[in-house]
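Observations on chain architecture
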Amino acid sequence: MKISYSKQDRYVYTGLRFFSLVVVCLLIAIIFQLFKASKLAFDEFGLSFVLSDFWNPVEDEFGALAFIYGTVITSLLSLLLAGPVSIFVAIFINEFLPKKLASILGVFVELIAAIPSIVFGLWGLYYLAPFVKNYISPFLKKYLGFIPLFQGTSFGIGILTASLILAIMIIPTITSVCREVFRSIPNLRKEAALGLGATKYEMVKLAIINPSFSGIMGALVLGLGRALGETMAVAMVIGNNPVISTSLFSSGATMASVMANEYAEADSELHLSALCYIGLLLFVVTFIVNLFARTIVWNNSRKSRS
Amino acid sequence: MKVIRQRKMKNFFFYFALISSSLVVILPLLLVFIFLLQKGGASLSLDFFLNNPKPVGETGGGMRHAILGSFYMVGLGSFVAVPLGLLCGIYLSEFGKGKIANSLRFTIDLLTGVPSIVVGIFSYLIFVVTMKSFSAMAGAFALSIIILPIITRTTEEILKLIPRHVKEAGLALGLPRWKVILFIVVKGSRSSLMTGIILAISRAAGETAPLLFTAFGSMYLSYSPTEPMASLPVQIYNYAISPYDDWQRQAWAGAFTLIIIVLGLNLFARFFFTRKTIYRAIKNKLFKKNEDRT
């Protein structure tokens, strides 16, 4: 029996729809499970979970503030370090370098994104941490020691090292989004700026940075999203000590790193549930951050197109 | 004259900032490579690839079980995720309208941004909790969640690049739509689809966080999907934070192997399968919201 073409098409269409529905349902099931798993901790601690910094698995007392603090400070610090560098690199690649060199530098930057985070962690643990301890921290302490951020003893492992590693890891994300944003600017405007006698710097400032400001913000927020969720590299160099300290040299812990460290060993139900609760928080926060960033970048590219 | 000199100075500093920030970006990459070559290359040996670990305290042994385990789980994960991702991508690019398509797009968007450790928790809750033990299957499932959104995204973007008139030519010949999709649209862009797939797989091969409490790791070679299984990244992690010199040395060798595999796949996909323009299109779209193009 021959099946008519329109029927064949309908079968294929239904099949594709079915598989898509499977994927969507899978996600819903997963999120449901995540809520269910963190319910125990939620019932126990409620919203004060995020306001308490007391984390003691032995006594079944959990509060996530120290981890939230660690995540926020490492992400922001890494963004502060990586942001300007990435924007400069994006401009350099797009506007200054000849085509061949530009593509080489572009590939180099993308290779950073391809390196697994465990390799960065290993490198950070054995080379960056001693380097920070022996050179960077004494330097910072000598010249900026009057600020509380740079006081205290440095063991190499800590918030500063984690932020440095994170900064390296988010550079490719920010750079590639920035390049995309800059590329959407018509050449005519750059030429107009140069034609009026602007130096290259003024051209970049007037014709590239100013009009794509919102796009750059979007790129930075995307980088932030990546930094928030980064796990292994941070877990290896931050020291995993849930304390809140003003010093950047002290060890700390992030939401992702505590999950990586304690999840497999957690034996009490409440401990597992508290970790799931942290996972849920991280999930929601990264989702909001990513959505926000995408909307900005998307609006920007649509605006420049029309 | 003073103003001009000021402007020129500013310009000069700007150039300086550009060049130095480029160096700052390249430097860590080079340093990582140099250290890996030094440390990892020095401790590589044939034994490393051919032996399973020895008991604690004895020197020697290798990571054969972890390398095989990585291949096993990445293979199992992509066995599920690659076809599913391709189907979802085809659906989105060819029929991408309506409620289901929009919710699928939202799902994929969401999954792309999920931190890998949270993916691990997903898989833990679904597999490990129900089966009550760590298993390779759970690890493979976690990896497939990493692979799936990447492949869907790239497939959708690649297939959208096929001009409409090509499809219309096929339809005008009287072909059913699925044949047009399969033999014209998909077949025509198979090399770039391959690129997307390999990039996704190379990304999954380097992931540690989703495997930590799903496949968990082990010191023995096993092929059973219901038992804990070692993987290269997790083994590196466990060895790196261990106090034994020999294990740390092996962690470096493992990292060297891992980066050769991952970067090898990555560069292979980049340069052997496709022309640059298409690659660029894939890469850029990974970060961007889908735009409805007409």
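Residues numbered from 1 in each chain as written. Chains lettered and ligands numbered in written order. Predicted model: local features only at pLDDT ≥ 70, side-chain atom pairs only at ≥ 80, totals over all residues.

A closer look at the overall build of chain A
- A tally of helices and strands in chain A yields eleven helices and zero strands.
- Starting at the N terminus and ending at the C terminus, chain A contains elements arranged as α-α-α-α-α-α-α-α-α-α-α.
- In chain A, buried positions account for 50% of the 306 residues.
- Of the contacts formed within chain A by residues at least 6 apart in sequence, a portion of 77% connects residues at least 24 apart. (Helix = DSSP H or I, 4+ residues; strand = E, 2+ residues; numbered from the N terminus. Buried ≥ 20, exposed ≤ 12 C-beta atoms within 10 Å, placed from the backbone. Contact = placed C-beta atoms within 7 Å.)

A closer look at the environment of Thr152 of chain B
Residue and element names in this part refer to chain B.
- Following the sequence through the fold, Thr152 ends up in helix α6 (residues 136-160).
- Distance in space between the C-alpha atoms of Thr152 and Pro83 is 9.7 Å, their sequence separation being 69 residues.
- Residues in contact with Thr152, not counting those within four places in the same chain, are Gly85, Cys88, Gly89, Leu92 and Ile108.

Considering the environment of Ile91 of chain A
- With respect to the helices, strands and loops of the structure, Ile91 of chain A is situated in helix α2 (residues 65-96).
- Taking the C-alpha atoms as reference points, Ile91 of chain A and Arg179 of chain A, separated by 88 residues in sequence, lie 7.2 Å from one another.
- Ile91 of chain A has contacts with Phe182, Val204 and Ile208 of chain A together with Leu18 of chain B, leaving out every residue within four places of it along the chain.

Considerations on the packing of helix α1 (residues 5-45) of chain A against helix α3 (residues 64-95) of chain B
- Across the interface, α1 of chain A lies against α3 of chain B with an axial gap of 9 Å and an inter-helix angle of 115 degrees. Pair α1 of chain A / α3 of chain B crosses with left-handed handedness. Mapping the contact onto sequence places Tyr13, Leu16, Phe19, Ser20 and Val23 of chain A in α1 of chain A and Leu84, Leu87, Cys88, Ile90, Tyr91 and Phe95 of chain B in α3 of chain B.
- Of the residues that constitute the contact of α1 of chain A with α3 of chain B, the class distribution is ten nonpolar, one polar and no charged. (Axes fitted to C-alpha atoms, helices over the stretch in contact; angles between N-to-C directions. Left-handed = near helix turned anticlockwise from the far one by under 90°. Nonpolar A, V, L, I, M, F, W, Y, C, P; charged D, E, K, R; others polar.)

A word on the packing of helix α5 (residues 116-131) of chain B against α6 of chain B
Residue and element names in this part refer to chain B.
- Running from N to C, α5 and α6 cross one another at 135 degrees; their axes reach a closest spacing of 9 Å. When the axis of α5 is compared with that of α6, the two are oblique. Viewed along their axes, α5 and α6 form a crossing whose handedness is right-handed. Of the residues in α6, those in contact with Ser116, Val119, Gly120, Phe122, Ser123, Tyr124, Ile126, Phe127 and Val128 of α5 are Met137, Ala138, Phe141, Ala142, Ile145 and Ile146.
- Of the residues in the contact of α5 with α6, the class split is twelve nonpolar, three polar and no charged. (Parallel < 35°, antiparallel > 145°, perpendicular 65-115°, else oblique.)

Points about the nonpolar core
- Counting 183 residues, the largest nonpolar core has Ile165 of chain A together with Ile147 of chain B as its most contacted members.
- Excluding its chain neighbours within four sequence positions, the residues that come into contact with Ile147 of chain B are Gly77, Ser78, Ala81, Val82, Gly85, Ala200, Ile201 and Ala204 of chain B. (Core = buried A, V, L, I, M, F, W, Y, C linked by C-beta atoms within 7 Å.)

Thoughts on helix α4 (residues 99-113) of chain B
- An ideal rise of 1.5 Å per residue puts 21 Å on 15 residues; α4 of chain B measures up with 22 Å between its terminal C-alpha atoms.
- Looking only at α4 of chain B, the buried set comprises Leu104, Arg105, Thr107, Ile108, Leu111 and Gly113 of chain B. (Expected span 1.5 Å × (residues − 1).)

Let's talk about the confidence of the model for chain B
Residue and element names in this part refer to chain B.
- Chain-level pLDDT for chain B is 82 on average; 90% of the residues reach the 70-or-more range.
- The element-level mean pLDDT for chain B is lowest in helix α12 (residues 276-286), coming to 57, with α6 highest at 89.
- Between residues 289-294, whose pLDDT stays under 50, and residues either more than four places distant or in other chains, the model counts five contacts. (pLDDT = per-residue confidence, 0-100.)

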